[in-house]
Amino acid sequence: MTPYVLSLGIDLGNMPGRRDTGVMETTAETMTAALLPSPNPVQLIDPTGAEVEQSGTRRDYSMPSAARLRATWHAMVVGRRFDVQATALTKQGRLAVYPSSRGQEACQVGATLSIGSGDWLFPTYRESMALVTRGIDPIEVLSLLRGDSHCGYDPIATKTAAQCTPLSTQLVHAAGAAYGERRRGTDHVALAFIGDGATSEGDFHEALNFAAVFEAPVVFFVQNNKYAISVPLSKQTKAPSLAYKGIGYGVPSEQVDGNDPAAVLAVMDVALEHCRSGKGPFLIEAHTYRMDAHTNADDATRYRSSDEVTAWLERDPIARVEAWLRARGELNDDMVAAANAEAEARAADLRERMNLEPAVDPMSLFDNVFAQRTPQLEEARAMVRAELDAEVGE
Amino acid sequence: MTPYVLSLGIDLGNMPGRRDTGVMETTAETMTAALLPSPNPVQLIDPTGAEVEQSGTRRDYSMPSAARLRATWHAMVVGRRFDVQATALTKQGRLAVYPSSRGQEACQVGATLSIGSGDWLFPTYRESMALVTRGIDPIEVLSLLRGDSHCGYDPIATKTAAQCTPLSTQLVHAAGAAYGERRRGTDHVALAFIGDGATSEGDFHEALNFAAVFEAPVVFFVQNNKYAISVPLSKQTKAPSLAYKGIGYGVPSEQVDGNDPAAVLAVMDVALEHCRSGKGPFLIEAHTYRMDAHTNADDATRYRSSDEVTAWLERDPIARVEAWLRARGELNDDMVAAANAEAEARAADLRERMNLEPAVDPMSLFDNVFAQRTPQLEEARAMVRAELDAEVGE
Amino acid sequence: MTVTMGGALNTALRDALTADDNVMVFGEDVGTLGGVFRITDGLTEKFGEDRCFDTPLAEAGIVGFAIGMCLTGFRPVVEMQFDAFAYPAFEQITSHVAKMRNRTSGAVGLPMVIRVPYAGGIGGVEHHCDSSEGYYAHTPGLKVVTPSDAADAYSLLREAIDDPDPVIFMEPKALYWSKQDIELPCKRPAFGKAKVRRDGDDVTIVTYGPSVPTALKAAEAAAEEGWSVEVIDLRTIVPFDDETVVQSVRRTGRCVVVAEAQGFAGVSGEVAARVTERCFHSLAAPVARVSGLPTPYPAPMLEQTYLPGVERILDAISRLQWDDQPDLTFAGVGARG
Amino acid sequence: MTVTMGGALNTALRDALTADDNVMVFGEDVGTLGGVFRITDGLTEKFGEDRCFDTPLAEAGIVGFAIGMCLTGFRPVVEMQFDAFAYPAFEQITSHVAKMRNRTSGAVGLPMVIRVPYAGGIGGVEHHCDSSEGYYAHTPGLKVVTPSDAADAYSLLREAIDDPDPVIFMEPKALYWSKQDIELPCKRPAFGKAKVRRDGDDVTIVTYGPSVPTALKAAEAAAEEGWSVEVIDLRTIVPFDDETVVQSVRRTGRCVVVAEAQGFAGVSGEVAARVTERCFHSLAAPVARVSGLPTPYPAPMLEQTYLPGVERILDAISRLQWDDQPDLTFAGVGARG
Ligand SMILES: Cc1ncc(C[n+]2csc(CCOP(=O)(O)OP(=O)(O)O)c2C)c(N)n1
Ligand SMILES: Cc1ncc(C[n+]2csc(CCOP(=O)(O)OP(=O)(O)O)c2C)c(N)n1
Ligand SMILES: [Mg+2]
Ligand SMILES: [Mg+2]
């Protein structure tokens, strides 16, 4: 590993010419350069669509190809339309609840498109858009939030864990799965999403430490959208920024403009390269903003001003790539119209399919508690069976 | 607070002349200078007793007065003798178990002597020596380990929490108590001890974050004695050193030679000054070594070499201050003899008192579950009462 | 005055904050937002950020911090946002909150309240509907309280805050919006006193929290079938009111325990066991249990099947060997799980 | 061959590591040291650091990491160093380990074992002696297993590791050094089968884990007083063997449940409730419970008073209404707590 871990070693002898504190001494520069994030968030395209000259970042980040940016733009357009559709479905009572990720498209789409189908994804409840981007059927993505099952897709087949509600618990799973991949000899990584608020949970700490100690290839991707429900980041932490948490685990870290898709892709590339080359985990903090309330059930006007929200409209992740692509002749009105049409068609398809009542079998309650039902489950099952039969009989 | 927290703020407008990432930008230098530890452990007196010229530390540390060092030396002599006596008592079956802190005298004594009686102390099972230094009757200190009660002293009267076994849980209590003091308007702080291994627990993370967010005056004092039972630090973390965890919470941190009593006092002074002036918590990592096994029940030869232990003998915290004091005419043979005699007398007194069987009343089982016994407790109590009466009757 | 349970809890917190400067309310989103269920609505506005405040998102931190504050004389009232989100604090609760007075031989009491919105019936997604009272009730050193109407909510919460010991205050979230006509402040019987919510002669239903309204509905329906059902609301699980329960069952001779939590090794088993120990010779049939199923709490669309409902309670009553049936067989009624 | 329970567990781990490359053993101090109870002694030496290794000191981390490894086909066997030190992992255990198969509609099984040395009787200081089986038994989705001799320890641990579902493997630490003459490998009845450890006609004692030897001693002593006592060792709490227990109690007509854990709302209440539900008309007296006291586990010098011992069991037997006593009163026997 890199030289900074040396300072942990127990020095058994006295080396001539230096102080003896029982600790192998090293220089601050080596450590901080390897681990600390850039002092300011990495940004490649600014809100107006202009390219940003790079200086002062701790690593080199390069502009993704126009083709890749276009593909990302396309997925963001589709993703946002999906998100808006899902919010609408809550109003029609077709979804129990929906946590929107509008405004976070660069993170959800950019990070997800950066990994391959052999890699693992560990989403939270907010990552519906990421899951759609990953190619999971939207109707399966929304199962949890519609209320017909806890998870609508197969996590093994999709290499995508069930959307996780207990905050930050999924990060430890990601560490374990990534370590499992390493032990299997693959170069697959795990991409684990987490929100700003959830970084306060103990499991965040334990996950970063386990991943670091076992050199598990995990990209910990913090979507710092500035709020944990109503609690602003300033009440969550006094850290210079969340990316400064990495050094405490010996995990290299970066902060990125989470509304700049180009920067997200570029930083993801560096992180993935780090992970795949066997160097352990990487921590990314993406500065972004949750444009909608926490969920449709939340009333965001209670804790933030509309001015604040409006200001973030100007940092829209889709608009800036669109501007960049157009300026370079990589996008035109026809292509935009086509993308919008596709997004619209997909939304319509989802709407239609969500209008059908899902089939949920009460008897399925007793399946999958264990691989085989215990006598106690059989007993309860028989009771419910009898109840249902009686109902039919009535 | 210090300027580094500014980067958390949500920037509502565009400031002219700088990039817009939605984050207030700042410089790396400001932050790292305020929060990171010195690149190498602070040391004022080296193992031979020579004074160390200071350079490269992030803050200024000054040599404590000779009088203070002599008092510290004295307490360390008494403390070590107590510790050796306690270990001996396990062999005589007078203690159920004893976790020695031999070798960690500079930490246990130095940190404890630095705080006042109005300040709080949060010890673990290993802090017996610290508690004796604090002035708690050794027999009360050993209650937990003798097995007559869970805690032999009054935590409120002594402002010393019960010795804590569930690792790192006490740090959160320290944050709460320190915040309580702040709310009461006092300048009392909390000194919370923790081991290297326990920094891996989630509660460590939550405690540092709570203390930072609520500006609670806690000195988190990590005794990095290189092992968590058998697990060496290299398997515990990949951090450059444990003090690098502070910046992730916005908590200024320092690492210190934990076998140098002068350095421990000097760093404690800076930490206490920081806390008392309302700036929130401070994290200290003291590099030291556990000379004995984890407890008397442990067999350290299973996981470490005697060479390693021997090397640390040369870094003895008592010997080096003694040398420093003698070289300056601040200590002579008579004073050493007197200190040893006092330590011996105290050990003899402890030995004698520990030879008496403690009185433990079985009926006390039912007291202090609640302030008042519930009917269920009364019922159980009546049963045990009847059993005891029957025994007497037999 | 018509008061919801949520409103009564809010008023109780207000009155407690007014009555004692040492009371502090904190937790996730309890400040500016007023809590996701609005139980702390307006408290920060009225009492200031010093008395009611948001914390970082970490439940062990919240509970541990409250413990520390008790050392300096405060009386913290903390909120866990949902039942399953109190589990990160489990070590702090079992190893410290429950044991502190005992392990310090009485020197350190922890006059704190941990409020836990619990149980289901509101169409919540997974991890938002656990009935976790059994974990706490099984832990010596914790008082476990759960109101089923607005008056009890007010009175028990005030008592919990005044209590010198830690109280796990379980709030049935499905009842937050339930209404009652009462005047506040009000004082109801103290901890350890169950309440007979309906008088009856043939069967005693012992229940608590979210299941009380269901049990009352079942009693109503049973009346139409000729059974006179007494309904006892425990109000506090710890301490437990043996006396009220035993007096009733000795008289009726039959008992059904109704609880939403899964049955195995929890509170409903305890009640069945206690009742039997104390009323054996008065019982005409074994105590029946109607509880949640021995499965994780299901997705919203299946919760009606999961929850112990009126039909299932009536069915249990009907099986109480009214005409000398033999022992129940394995496939029969009884605790599932 | 004379084998201690600790030795049998060690052999089971060895044999499992040999039989299946996907088995991995990890936890605090389980590698070089071989565990604080030496249950993993020599495994790292024999199988290498890849198969048996030390982790950072964080129990939620250990359990969560194991969950993740299951996703890639491994079968982790993790050690929690002591009962109370599994509590930091409580959220991972209840919200994920117990629920994963269910919440993924069967797609993700977690073939993992969480080994928990538990209960007291060894003079341990606070937090080292909790009987925590009730928390797990109350959580749907967890199998809860607890051997009481070396042969069962071996056989049940092998079965736990082979099981497709998560198993909480509770090891009575007071029995680690108990000896038995057996040949290993050995195969004992599968999960869900209790064992009659001693035949008897007058009373059935239902017990498990650390209390089995005590119950057998009590049965021996009772024989001298003329009572013929049957002793049933549950072996697995979940799944529960109703059949063996019910058959015995229907025959003997009397039952005492013995468990070291505090009685309130735990496993002993469940057993009493189940037995009564199923054997009501065969019972000559209410099922009695002899359990730990309703207090935190005490300091070592008081543990003999705390623990359910032979005398307390005999006393409970003597109160089983051998000559038609009236109902037990509040001050009488029964579950304390
Ligand atoms: C352990 C736990 N505690 C509390 C909650 C309730 N809760 C759900 S989302 C949320 C806020 C999370 O904020 P953040 O991590 O910033 O993610 P975001 O919702 O902004 O994406 C809270 C408190 C939970 N799900 N899990
Ligand atoms: C939550 C928890 N997990 C495990 C243990 C068991 N245990 C007691 S001491 C110890 C090692 C602690 O190491 P460290 O923090 O370095 O402190 P030291 O003993 O070296 O002073 C362990 C694992 C515990 N007490 N609490
Ligand atoms: Mg957020
Ligand atoms: Mg250590």
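Rules used in this analysis
Residues numbered from 1 in each chain as written. Chains lettered and ligands numbered in written order. Predicted model: local features only at pLDDT ≥ 70, side-chain atom pairs only at ≥ 80, totals over all residues. Heavy atoms only, no water. UniProt positions renumbered as here; feature names shortened; annotations may be inferred. Donors = N, O, S within 2.8 Å, 3.2 Å for Na, K, Ca; no water. Buried < 20%, exposed > 50% of the residue type's maximum accessible area, 1.4 Å probe, protein only. Near = heavy atom within 4 Å. Polar contact = N/O pair within 3.5 Å; in protein donor to acceptor, adjacent residues only side chain to side chain. Areas by Shrake-Rupley, 256 points an atom, 1.4 Å probe, with all protein chains shown as cover. Axes fitted to C-alpha atoms, helices over the stretch in contact; angles between N-to-C directions. Helix = DSSP H or I, 4+ residues; strand = E, 2+ residues; numbered from the N terminus. Parallel < 35°, antiparallel > 145°, perpendicular 65-115°, else oblique. Contact = heavy atoms within 4.5 Å. Nonpolar A, V, L, I, M, F, W, Y, C, P; charged D, E, K, R; others polar. Pairing = 2+ DSSP bridges. pLDDT = per-residue confidence, 0-100.

Going by what an unreviewed UniProt entry lists, chain C is known as Pyruvate dehydrogenase E1 component, beta subunit and is assigned to Flexivirga endophytica. If you open the UniProt record of chain C and go to Cofactor (unreviewed entry), you find "thiamine diphosphate".

**Focus: the coordination of the magnesium ion (ligand 4)**
All names here are of chain B. Here the magnesium ion (ligand 4) is held by the protein donor atoms Asp196 (OD), Asn225 (OD1) and Tyr227 (O), which lie 2.0 Å from it. Counting gaps between the donor residues of the magnesium ion (ligand 4) yields the pattern D-x28-N-x1-Y. Given the relative accessible area of 4%, Asn225 is considered buried. Classification of Tyr227 as buried rests on a relative accessible area of 6%.

**Observations concerning the site of ligand 2**
If you check the shell around ligand 2, you find 21 residues, and the closest are Tyr125, Arg126, Asp196 and Ala198 of chain B together with Glu59 of chain D. The residues that come close to ligand 2 belong to more than one chain, namely chains B, C and D. One of the backbone N or O atoms of Ala198 of chain B is found 2.8 Å from an oxygen atom in ligand 2. Separating a nitrogen atom of ligand 2 from a side-chain N or O atom of Gln81 of chain D is a distance of 3.4 Å. Protein burial of ligand 2: of its 580 Å² of free accessible surface, 96% is covered by the chains.

**What to know about the packing of helix H3 (residues 59-71) of chain D against helix H4 (residues 90-97) of chain D**
Residue and element names in this part refer to chain D. In the contact formed by H3 and H4, the axes pass within 8 Å of each other and the chain directions differ by 25 degrees. With respect to each other, H3 and H4 are oriented roughly parallel. Residues Ala60, Val63, Gly64 and Ile67 of H3 pack against Gln92, Ile93, His96 and Val97 of H4. Residue composition of the contact of H3 with H4, grouped by class: five nonpolar, three polar and no charged.

**Side note on the pairing of strand S3 (residues 218-224) of chain B**
All names here are of chain B. Burial within S3 is extensive, with seven of its seven residues counted as buried. Burial along S3 is two-sided: the face carrying Val218, Phe220, Val222 and Asn224 and the face carrying Val219, Phe221 and Gln223 are both buried. The pairing of strand S2 (residues 190-195) with S3 spans six bridges and is classified as parallel. Bridging from a neighbouring strand, Ala192 pairs with Phe220 of S3.

**Some details on the confidence of the model for chain C**
Residue and element names in this part refer to chain C. A residue-level look at chain C finds 96% of positions with pLDDT of 70 or above and a mean pLDDT of 95. Here helix H11 (residues 303-306) stands out as the least confident element of chain C, with mean pLDDT 96; strand S7 (residues 167-172) is the most confident, with 99. Segment residues 326-337: pLDDT under 50, and 51 contacts once partners within four positions in sequence are set aside and those in other chains are kept. Our summary of model confidence lists the complex with pTM equal to 0.96 and ipTM equal to 0.96.

**Things to note about the confidence of the model for chain A**
Looking at chain A, the pLDDT average stands at 93 and 94% of residues meet or exceed 70. No element of chain A has a lower mean pLDDT than helix H1 (residues 28-35) of chain A, at 76, and none a higher one than strand S1 (residues 120-122) of chain A, at 99.

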